[in-house]
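# Structural overview for review
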Amino acid sequence: MTSSSDPKPVVYIVDDDHSVRAALQDLFASVTLDAMAFSSIREFLEHPRTAGPACLVLDVRMPAQSGMDFYLQMDSLGLRMPVIFITGHGDIAMGVRAIKDGAVDFLTKPFRDHDLLDAVHTAIARDQQRLHQEEILSELQRRWQSLNMGERDVLRLVVRGLLNKQIAAELCVKEITVKVRRARVMRKMQAASFADLVRMADQLELGAETRRNS
């Protein structure tokens, strides 16, 4: 659930057809969705984007660069908003490929307004979830950074299931030192239980990091 202080969702439209852009902006305005329209991918990229939830309604075929080619580049450009493809020339194979690649929907013109609005609401909900997960991860990373090296070593070994005595032997320290560090880890990570700490470590991918370094 969003509060009044949260950024409003934005629908970005990229289509080289002016009439399509205008019609879509009117459609989204009719359901009080903020929308911004662009005639090209370049124009879209040059415009600053909001920090809140968003989605992209993207035409498949455009003169300079196809929507599909741009979609495959989005992740490398740091663009992780969900995409809804619209096209007047699409075929089933293209639609299947787009959905498999993670697109929310693939709509062939003329499409029903209801179908597009359903896809947009799904996309915005997906982006809200992504932003929420990124916020949680950012907070966990902040807590991880607050640990000193000794505490991080203990945390890595704790989530591997080692007992305090085993951790002490692994780190060549006294068992009481492990207990003190473990208590500090629980406090700094704000973990309510061992299971909670394991979940946090999993989100931070500490287990994968340990395996890579072993």
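Now for a quick tour of the structure. Keep in mind it's a predicted model, so treat the numbers as computed, not measured. (Residues numbered from 1 in each chain as written. Predicted model: local features only at pLDDT ≥ 70, side-chain atom pairs only at ≥ 80, totals over all residues. Heavy atoms only, no water.)

### Description of the pattern of salt bridges
Rules: What counts as a salt bridge is simple: a side-chain nitrogen of Lys or Arg found within 4 Å of a carboxyl oxygen of Asp or Glu. Numbering of helices and strands runs from the N terminus, with a helix taken as a DSSP run of H or I at least four residues long and a strand as a DSSP run of E at least two residues long. Three labels apply to residues, based on accessible area from a 1.4 Å probe with only protein chains included: buried if under 20% of the type maximum, exposed if over 50%, partly exposed otherwise in between.
Following the criterion strictly, the structure yields 13 salt bridges and no others. Here Arg130 makes a salt bridge to Glu134, at a shortest N to O gap of 2.8 Å. Of the two residues, Arg130 and Glu134 are both situated in helix H5 (residues 113-145); the distance of four residues between them amounts to about one turn of the helix. Overall, Arg130 belongs to the partly exposed group, its relative accessible area being 24%. You can call Glu134 partly exposed: its relative accessible area is 37%. Here Arg142 and Glu139 are joined by a salt bridge, their closest N and O atoms 2.7 Å apart. Remark: Glu139 and Arg142 occur in helix H5; sequence separation between them is three residues, near one turn of the helix. We classify Arg142 as partly exposed; its relative accessible area is 46%.

### Here we look at the pairing of strand E3 (residues 54-59)
Our working definition: Here, any two strands with at least 2 DSSP bridges between them count as paired. Here the term right-handed applies to a crossover when the path leading from its first strand over the helix to its second strand runs clockwise, the strands being oriented away from the viewer.
Burial analysis of E3 places six of its six residues in the buried class, which makes it a mostly covered element. Of the two faces of E3, the one holding Ala54, Leu56 and Leu58 and the one holding Cys55, Val57 and Asp59 are both buried throughout. Here five bridges tie strand E1 (residues 10-14) to E3, and the two strands are oriented parallel to one another. Note that in E3 the partner of Val10 across the bridge is Ala54. As judged from the four bridges shared by E3 and strand E4 (residues 83-87), these two strands associate in the parallel manner. Residue pairing in the sheet places Leu58 in a bridge with Phe85 of E4. The β-α-β motif built from E3, the intervening helix H3 (residues 67-73) and the parallel element E4 has right-handed crossover chirality.

### Focus: the environment of Lys8
Keep this limit in mind: Every residue pair with non-hydrogen atoms within 4.5 Å of one another is taken to be in contact.
Assignment of secondary structure puts Lys8 in the segment before E1. The residues contacting Lys8, other than those within four sequence positions of it, are Thr32, Asp34 and Pro53.

### Let's talk about the side chain of Arg143
Put simply, the test is: We define a polar contact as two N or O atoms separated by no more than 3.5 Å, with the added condition that, inside protein, one atom must be a possible hydrogen donor and the other a possible acceptor, whereas residues neighbouring each other in sequence contribute only through side-chain atom pairs.
Note on placement: Arg143 falls in helix H5. Its relative accessible area of 13% is what places Arg143 among the buried residues. Reaching out from Arg143, the side chain makes a polar contact with the backbone oxygen of Met189 at a distance of 2.9 Å. Each residue touching Arg143, except ones within four places of it in the same chain, is listed here: Lys188, Met189, Gln190 and Met200.

### Describing the sheet that holds strand E2 (residues 34-38)
The condition that has to hold: Axis definition: a line fitted to C-alpha atoms, over the contacting stretch in the case of helices. Angles run 0 to 180 degrees between N-to-C directions.
With respect to topology, five strands assemble into an open sheet ordered E2-E1-E3-E4-E5, the strand pairing being parallel. Only two strands of the sheet have a single partner each, and these edge strands are E2 and strand E5 (105-108). This sheet shows a mean twist of 20° between the axes of neighbouring strands, independent of strand direction. Helix-sheet contacts for helix H1 (residues 18-30) involve E1, E2, E3 and E4, and the interaxial angle to E2 is about 175°. On top of the sheet, H5 reaches E1, E3, E4 and E5; it is set at about 135° to E3, its chief contact.

### Observations regarding the nonpolar core
If you look at soluble globular proteins, the nonpolar side chains tend to sit buried side by side. Heads up, the condition is: The set of buried Ala, Val, Leu, Ile, Met, Phe, Trp, Tyr and Cys residues whose side-chain atoms join them within 4.5 Å is what this entry labels a nonpolar core.
Counting 23 residues, the largest nonpolar core has Phe44, Leu56, Leu58 and Phe85 as its most contacted members. Secondary-structure elements contributing two or more residues to this core are E1, helix H2 (41-46), E3, H3, E4 and helix H4 (92-100). In contact with Leu56, other than residues within four places in its own chain, are Tyr12, Val14, Phe44, Phe70, Met74, Met81, Pro82, Val83 and Ile84.

### Quick word on the environment of Glu151
Tracing the sequence through the fold places Glu151 in helix H6 (residues 149-158). For the pair Glu151 and Ala22, spaced 129 residues apart in the sequence, the C-alpha separation amounts to 57 Å. If sequence neighbours within four positions are ignored, Glu151 has contacts with Ser146, Arg181, Arg184, Val185 and Lys188.

### Here we look at the packing of helix H8 (residues 175-189) against helix H9 (residues 194-203)
Each pair of packed helices can be summarised by the angle the axes make with each other and by the distance between the axes. Quick reminder of the rule: Orientation categories follow fixed angle ranges, with anything under 35 degrees roughly parallel, anything over 145 roughly antiparallel, 65 to 115 roughly perpendicular, and all other angles oblique. Crossings are sorted by hand: turned counterclockwise from the far helix by less than a right angle, the near helix makes the crossing left-handed, and turned clockwise it makes it right-handed. Three residue categories are used. Nonpolar comprises Ala, Val, Leu, Ile, Met, Phe, Trp, Tyr, Cys and Pro, charged comprises Asp, Glu, Lys and Arg, and polar comprises the others, including Gly.
At a closest axis distance of 11 Å, the pairing of H8 and H9 adopts a crossing angle of 70°. Here H8 is positioned roughly perpendicular relative to H9, judged by the angle of their axes. Here the hand of the crossing between H8 and H9 comes out left-handed. Contacts between H8 and H9 involve Arg182, Val185, Met186 and Met189 from the former and Phe194, Leu197 and Met200 from the latter. Of the residues in the contact of H8 with H9, the class split is six nonpolar, no polar and one charged.

Bear in mind that shape data such as this cannot, by itself, settle questions of function.
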